Amino acid sequence: VILTLGFAILVGCLYYQIKKHGLKATAIELIVYAETIIGSGKGEEKMNYVIDKFIAFLPIPFRILFTREMIKDFIQGVFDEIKDALEYKTAGGEE
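A word on the pattern of salt bridges. Tallying each qualifying case throughout the model produces three salt bridges. Glu-35 is paired through a salt bridge with Lys-46; the nearest N and O atoms lie 3.1 Å apart. Note that Glu-35 is positioned in helix H2 (residues 23–38) and Lys-46 in helix H3 (residues 43–57), a separation of eleven residues in sequence.

This brings us to the environment of Val-32. Along the chain, Val-32 turns up in helix H2. Val-32 sits 14 residues away from Lys-46 along the chain, and the two C-alpha atoms are 9.9 Å apart.

What follows concerns the packing of H2 against H3. Axis separation between H2 and H3 bottoms out at 9 Å; the angle between their running directions is 140°. Put simply, H2 runs oblique to H3. Crossing of H2 against H3: the hand is right-handed. Residues Leu-23, Thr-26, Ala-27, Leu-30, Ile-31, Tyr-33, Ala-34, Glu-35, Ile-37 and Ile-38 of H2 lie in contact with H3, whose contacting residues are Glu-45, Lys-46, Tyr-49, Val-50, Lys-53, Phe-54 and Phe-57. Here the contact of H2 with H3 is built from residues that sort into twelve nonpolar, one polar and four charged.

Conventions adopted
- Residues numbered from 1 in each chain as written.
- Predicted model: local features only at pLDDT ≥ 70, side-chain atom pairs only at ≥ 80, totals over all residues.
- Heavy atoms only, no water.
- Salt bridge = Lys/Arg side-chain N within 4 Å of Asp/Glu carboxyl O.
- Helix = DSSP H or I, 4+ residues; strand = E, 2+ residues; numbered from the N terminus.
- Axes fitted to C-alpha atoms, helices over the stretch in contact; angles between N-to-C directions.
- Parallel < 35°, antiparallel > 145°, perpendicular 65-115°, else oblique.
- Left-handed = near helix turned anticlockwise from the far one by under 90°.
- Contact = heavy atoms within 4.5 Å.
- Nonpolar A, V, L, I, M, F, W, Y, C, P; charged D, E, K, R; others polar.

This is the structure:
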């Protein structure tokens, strides 16, 4: 019972920390940073950089729960959203 309660408190605290900063915001920051330091034409290198840094950001219990492939899919989704938004703005959809 004490172990279960301790685990629940730990998960709650970790959830609060992640929610406070936001996984999507963290992914966006890492994507922008990778674009800045690595440059264009090196998509796979940038993706691996972002995945590695994102995994390092996660609390240890969550690193066990999420596979590298799950994290890659999440980051790719965030990247696609950014790209779509930029294309929409460039096409004159928003000023």
